[in-house]
Amino acid sequence: MSNSQETPEFTEWQQVLDILRQATSEQRDDTLLKLLLTPDERTVLLSRVNILHELLNGDRSQRKISELLGVGVATITRGSNELKHHDNDTKVWLSALLDAQKPR
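Here's what I pulled together on the structure shown here. (Residues numbered from 1 in each chain as written. Predicted model: local features only at pLDDT ≥ 70, side-chain atom pairs only at ≥ 80, totals over all residues. Heavy atoms only, no water.)

Examining the side chain of Glu54
Point 1. Looking at the element boundaries, Glu54 is found in helix 3 (residues 39-57).
Point 2. Not counting the four nearest positions on each side in its chain, Glu54 is found in contact with Asp59, Arg60, Ile65 and Leu68. (Helix = DSSP H or I, 4+ residues; strand = E, 2+ residues; numbered from the N terminus. Contact = heavy atoms within 4.5 Å.)

If you want it as structure tokens, here you go:
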């Protein structure tokens, strides 16, 4: 279906979230994410999850996290700064979510 106006069909972050939720409900989220993200982007996303986990855990300095994950300190700092924008309940929720996915 063509769009008579020269604008993209999808313009809002919420639309992306809704697409991801629908794919998840159909158990096709892996397929969707592999279509949307390059292998390098998936690796970066995994790194970001590890950054948040390490920051929430609080056992390592940003420099140590950088060395552990092979990313720049600036990347760790960005993750730390993003966490500062969220309340404690969100941090507790995220920490529990990440902990629940750790290998046993």
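Here we look at the pattern of salt bridges
Point 1. Taken as a whole and judged by the stated rule, the model has five salt bridges.
Point 2. Between Glu54 and Arg60 there is a salt bridge, with the nearest N and O atoms lying 2.7 Å from each other.
Point 3. Taking the relative accessible area as the measure of exposure, Glu54 reaches 8% and is therefore buried.
Point 4. Between Lys64 and Glu67 there is a salt bridge, with the nearest N and O atoms lying 3.9 Å from each other. Of this pair, Lys64 and Glu67 both sit in helix 4 (residues 62-69), separated by three residues, roughly a single helical turn.
Point 5. Given the relative accessible area of 53%, Glu67 is considered exposed. (Salt bridge = Lys/Arg side-chain N within 4 Å of Asp/Glu carboxyl O. Buried < 20%, exposed > 50% of the residue type's maximum accessible area, 1.4 Å probe, protein only.)

A word on helix 3
Point 1. Spanning 19 residues, helix 3 covers 27 Å between terminal C-alpha atoms, matching the ideal 27 Å at 1.5 Å per step.
Point 2. Among the residues making up helix 3, those that are buried are Ser47, Ile51, His53, Glu54 and Leu55.
Point 3. Looking at the packing, one finds that the buried side of helix 3 touches helix 4, helix 5 (73-84) and helix 6 (88-101).
Point 4. Positive phi shows up at Gly58, right after helix 3, with a value of about 75°. (Expected span 1.5 Å × (residues − 1).)

Some words on the nonpolar core
Point 1. Residues Ile51, Leu55, Ile65, Val71, Ile76, Leu83, Leu94 and Leu98 constitute the largest nonpolar core, which totals eight residues.
Point 2. Other than its neighbours up to four places away in sequence, Val71 contacts Ser47, Ile51, Ser66 and Ile76. (Core = buried A, V, L, I, M, F, W, Y, C linked by side-chain atoms within 4.5 Å.)

Considering unusual backbone geometry
Point 1. Positive phi outside glycine occurs at Gln27, with the angle close to 55°.
Point 2. Residue Gln27 is classed as exposed on the basis of its relative accessible area, which comes to 71%.

Observations regarding the side chain of Thr75
Point 1. Relative to the assigned elements, Thr75 resides in helix 5.
Point 2. Residues in contact with Thr75, not counting those within four places in the same chain, are Arg48 and Ile51.

With respect to the packing of helix 3 against helix 6
Point 1. For the pair helix 3 and helix 6, the least separation of the axes is 10 Å and the interaxial angle reads 115°. For the crossing formed where helix 3 meets helix 6, the hand is left-handed. Facing Val49, Leu52, His53 and Leu56 of helix 3, the residues of helix 6 in contact are Lys91, Leu94, Ser95, Leu98 and Asp99.
Point 2. Looking at side-chain class alone, the contact of helix 3 with helix 6 contains five nonpolar, two polar and two charged residues. (Axes fitted to C-alpha atoms, helices over the stretch in contact; angles between N-to-C directions. Left-handed = near helix turned anticlockwise from the far one by under 90°. Nonpolar A, V, L, I, M, F, W, Y, C, P; charged D, E, K, R; others polar.)

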